[in-house]
Amino acid sequence: GIQVEQSPPDLILQEGANSTLRCNFSDSVNNLQWFHQNPWGQLINLFYIPSGTKQNGRLSATTVATERYSLLYISSSQTTDSGVYFCAVGWEYGNKLVFGAGTILRVKS
Amino acid sequence: KAGVTQTPRYLIKTRGQQVTLSCSPISGHRSVSWYQQTPGQGLQFLFEYFSETQRNKGNFPGRFSGRQFSNSRSEMNVSTLELGDSALYLCASSLMASGANVLTFGAGSRLTVL
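Below is a short write-up of the structure. Computed from a prediction, not measured in an experiment: that's the story for all the values here. (Residues numbered from 1 in each chain as written. Chains lettered and ligands numbered in written order. Predicted model: local features only at pLDDT ≥ 70, side-chain atom pairs only at ≥ 80, totals over all residues. Heavy atoms only, no water.)

## Points about the interface of chain A and chain B
Between chain A and chain B, the contact holds 17 residues from the first and 23 residues from the second. Where chain A meets chain B, there are 0 salt bridges. The tally of links from chain A across to chain B stands at 10 residue pairs in polar contact (both at pLDDT 80 or more). Considering each element in turn, the side of chain A that touches chain B owes the most residues, 4 residues, to strand β4 (residues 31-37) of chain A. A per-class count over the side of chain A that touches chain B returns 7 nonpolar, 8 polar and 2 charged. (Contact = heavy atoms within 4.5 Å. Salt bridge = Lys/Arg side-chain N within 4 Å of Asp/Glu carboxyl O. Polar contact = N/O pair within 3.5 Å; in protein donor to acceptor, adjacent residues only side chain to side chain. Helix = DSSP H or I, 4+ residues; strand = E, 2+ residues; numbered from the N terminus. Nonpolar A, V, L, I, M, F, W, Y, C, P; charged D, E, K, R; others polar.)

In structure tokens:
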């Protein structure tokens with residue numbers, strides 16, 4: 001099956017710093033989403049981005065489908081950005097997603 | 001607009017028992033997916049329902065089952081619980097069957113099996 005690798009596994013930032021999270025996937029996909037899981041376990045959808053670039057406030061994402069990777073950029077990080085960031089991909093008809101192992105982000109004040 | 005509602009939020013069971021978890025999707029959403037999250041295996045797809053039909057199933061034993069009702073609400077059932085079934089069970093709803101389809105997750109049901 002399709003493999004999803006996220007890097008780095010852990011990241012510690014000082015408040016105000018910028019960061020880039022990476023997601024590599026092993027096959028063609030028709031669905032790619034980024035999620036943020038807060039300390040209470042809630043998964044929040046950040047981007048639906050099977051290709052191209054999107055921006056939402058301090059967050060932006062780029063997916064280069066032909067090279068099978070996606071990047072999530074966080075600028076001017078805040079302590080509330082802490083949590084786990086997941087990349088998830090789909091390739092079949094339907095809404096089945098395969099998740100990466102996640103990147104644990106800790107933002108210190 | 002109400003989000004995805006999962007009940008119960010927390011529950012404790014003992015080995016051998018069974019459990020039923022409920023998920024009410026966002027109004028108008030017809031697709032409901034279930035995922036299991038554990039520290040060891042991460043987030044894994046369980047199954048997906050659309051218009052009361054199971055469309056996809058993950059690699060879980062037959063003890064895991066689900067269904068969807070005509071109002072799109074979904075339930076999943078785990079029978080003969082094992083210690084390894086302790087997990088956060090997440091439900092997601094989406095508007096369409098496929099395509100440009102954003103998944104919205106509920107807060108989850110945290111199951112502890114003793």
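Alright, that's what it looks like, and here's the rest.
## A closer look at the sheet that holds strand β8 (residues 74-78) of chain B
Residue and element names in this part refer to chain B. With respect to topology, 4 strands assemble into an open sheet ordered β1-β3-β8-β7, the strand pairing being antiparallel. Lying at the two open borders of the sheet, with one neighbouring strand each, are β1 (5-7) and β7 (64-68). Strand-to-strand twist across the sheet, computed as the mean angle between neighbouring axes with direction ignored, equals 15 degrees. In the sheet, β7 pairs with β8 via 5 bridges, with the strands oriented antiparallel. Bridging across to β8, S65 finds its partner in N77. (Pairing = 2+ DSSP bridges. Axes fitted to C-alpha atoms, helices over the stretch in contact; angles between N-to-C directions.)

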